[in-house]
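Fold and contact review
Each chain, letter by letter, is given below.
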Amino acid sequence: MGKGGAHAPEYSTLLIVGAGLSGIATAWYFKKKFGEDYVIYDRQRDLGGTWWANRYPGYPAMLYSFSFEPKYDWSHFFPEQAEILDYTNGTAIKWGIKPKIRFSSEVERAEWIEETKRWRVYLRRRTRNERWALDSLTGKEREEDETWVHECKVLISAVGQLTVPVPCTIPGHENFKGALFHSSRWDNGVDVTGKDIVVVGNGCTAAQLIPAICASTKSTTQFMRTPQWIVPRISPLFFRSNESFAKYGKYVFKYIPFFYSITRFLVFLDLESQFAQFKTTKQGNRERGNFEAQAMKFMKTTIPEKYHDFAIPKYSMGCKRRIFDDGYLASLNHPKVHLTNDKISHIEPDGVATVSGKKYPADVIVMANGFDVRASIPGFNITGKYGETLDETFKMAGGPNAYNTCAVNGFPNFFFLFGPNSVTGYMSVLVASEYTAGYVMKLIEPVVKGQAGDVEVTKKAQVEYANIIQAELKNTVWSNSICRSWYVIESGINSTLYPFTQFHFIWRSLFPVWSDWDIRYTPSALRWKRFMRFTWLAMICALGFWSVTRPGGILGALIQATGFFKSIVRGLGAWL
């Protein structure tokens, strides 16, 4: 065991894994409701999560902002990575969250201790001061690292799904003499100016990367496999351009009451209205067809004609993640850029060889080939109360699944943020993360207050929920029968996307179905609950009895009516 491993376990009520936007949101909601007894661990050297790890140039994003911390002075409607990081850091400092974060601390495994109703978490301090905090450690480095144990009542994984890169497995990559790295591990020490650059991949990452570097390179060659649907970026609401948004938005949002909130809500509605396009209903097919026609026209008029045969998609839009164009298609017309679907055979010391026999010179190879989503859920080894790991539980179920995207039977007091089937494909994930955080706070309240030992979703509820999710996904373009994407795993299960609207998810998060949960209250809490139920029942009965027996009450009125009726009968009898 490394240094510090023999120390007594540390303790906090809540332990959050991950200091990205979801982790910060979770900490804020916990602090607001329960106080300061929490800690956040992150294996990186600073906060930001996915946005800290992905440091390649020119990374724009949607309006990423917390509902509890509005930002009025965005410099761009789609702010870049540096600005998002600065905003996240400022939020964590303002709300006193950053002092609760312990960086360069990797959670290696966690196990449930039934006797104490706690999670025991095993951690390791990353001693290396290098950029590649997520790389594998050697045996010697593991021996030198400090290790320790932390116990908690509640464990929440806020690890993002886009943090573990797919490794380069191309034959010969180990013999390459130049720089080879994944886009999310961008090496700032490498100058691409005047060099031959090879980019492997044509998803969102490559579409943001190539326009940012192509002008300064000697050549930029992009290897693609499957064509992507690429659509124009939406314009800022109430503003003619990004320039006017940046110039006037900060004043309009700050000084006109509720204008920022209204704009944020309208952006949400605009994105939410796109959900119908992903359904395979008549309406969905019609709306998607109209949108595909517009996108096709945009692509054909922007992409060089020599690339049309292999760069124009032939599958339904939405089956794979759409790409919002921010200069990528225009960059394909740059004389230094070459796009090819020629399959790579192997990597040579000074370039890339293809199956057709061609060789492309390379000084730098950037792997923009995506992320291993399954390795990020939850991002560490965790053993539940039945002695099974989460991976084993998922394998028996045919793939990752979680009740309401956040809970798994057999793992009490453990929750995901950005868990299985939480991605929308069209909406900012931060919306779902915030509502999930609020939902989890409702569930853990009796545990945090000492009224219950643990809270756990029932097996029946989880299985029924998973079946509903998979059945509904078959009615969308995300179904495996339509096209192949990273959304769907080998077993055919889509463990990534949420098949309903975000309004549906928000409703479920605001109003938990308590019958789907086993809350194991302490004996004293049970006695108190029974006493309170009896008290409330007695009060209701007493109030009801009083309301019907008092003069003018229901019973009193009946008695008076009966007396009146009797007097009429007596009068009629006397008259007759």
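Quick summary incoming for the structure in this document. Numbering of residues begins from 1 in every chain and follows the order in which that chain's sequence is written. Reporting in this predicted model follows two pLDDT cut-offs: at least 70 for local features of residues, and 80 or more for side-chain atom pairs to be given and counted; totals over whole chains, interfaces and linings ignore these cut-offs and use all residues. Neither water nor hydrogens contribute to the side-chain values; these are computed over all heavy atoms in the structure.

1. A closer look at the overall build of the protein
- Scanning the protein for helices and strands turns up 16 helices and 20 strands.
- Restricting the contact set of the protein to residue pairs at least 6 apart, pairs at least 24 apart contribute 72%.
- Accessible surface is estimated by sampling points in the Shrake-Rupley manner with a 1.4 Å probe; for residues, cover comes only from the protein chains shown. As displayed, the protein offers around 27,400 Å² of accessible surface, 57% of which is attributable to carbon and sulfur atoms. By the criteria applied, helices consist of DSSP H or I runs no shorter than four residues and strands consist of E runs no shorter than two, each listed in order from the N terminus. Here, residues are in contact when the closest pair of their heavy atoms is within 4.5 Å.

2. Thoughts on a nonpolar patch on the surface
- Side chains of Phe238, Phe258, Ile262, Phe265, Leu266, Leu269 and Phe503 sit close together on the surface and give an oily, nonpolar patch of about 690 Å² of accessible area.
- Taking the relative accessible area as the measure of exposure, Leu266 reaches 31% and is therefore partly exposed. Without a salt bridge and with relative accessible area above 30%, a residue can belong to a patch; like charges are then joined within 9 Å and nonpolar side chains (Val, Leu, Ile, Met, Phe, Trp, Tyr) within 5 Å. One side-chain nitrogen of Lys or Arg within 4 Å of one carboxyl oxygen of Asp or Glu is enough to make a salt bridge. Summary of the burial criterion: residues with accessible area below 20% of their type's maximum are buried, those above 50% are exposed, and those between are partly exposed, where the area comes from a 1.4 Å probe applied to protein chains only.

3. A closer look at the side chain of Asp342
- Relative to the elements of secondary structure, Asp342 occurs in the loop between β12 (337–340) and β13 (344–348).
- Counted as positive: Lys and Arg. Counted as negative: Asp and Glu. His and the chain ends are not counted at all. For Asp342, which is buried and forms no salt bridge, the nearest opposite charge comes from Lys358, at a distance of 5.3 Å.
- In terms of polar contacts, Asp342 uses its side chain to reach the side chain of Thr354, at 2.7 Å.
- Pairs of N or O atoms within 3.5 Å make up the polar contacts considered here, provided that, within protein, one atom can donate a hydrogen while the other can accept it, and that residues adjacent in sequence are counted only when both atoms are side-chain atoms. Separated by 2.4 Å, the side chains of Asp342 and Ser356 make a polar contact.
- What Asp342 contacts, discounting residues up to four positions off in sequence, is Phe223, Thr354, Val355, Ser356, Lys358 and Tyr360.

4. As for the sheet that holds β13
- When DSSP finds at least two bridges between two strands, those strands are taken to pair. Strand order in the open sheet formed by three strands is β13-β14-β15, and the pairing between neighbours is antiparallel. The open sheet has two edge strands, β13 and β15 (359–361), and neither has a second partner. Neighbour to neighbour, the strand axes of the sheet diverge by 20 degrees on average, direction disregarded. Angles shown run from 0 to 180 degrees and are taken between the N-to-C directions of axes, each axis being a line fitted to C-alpha atoms and, for helices, limited to the stretch in contact.

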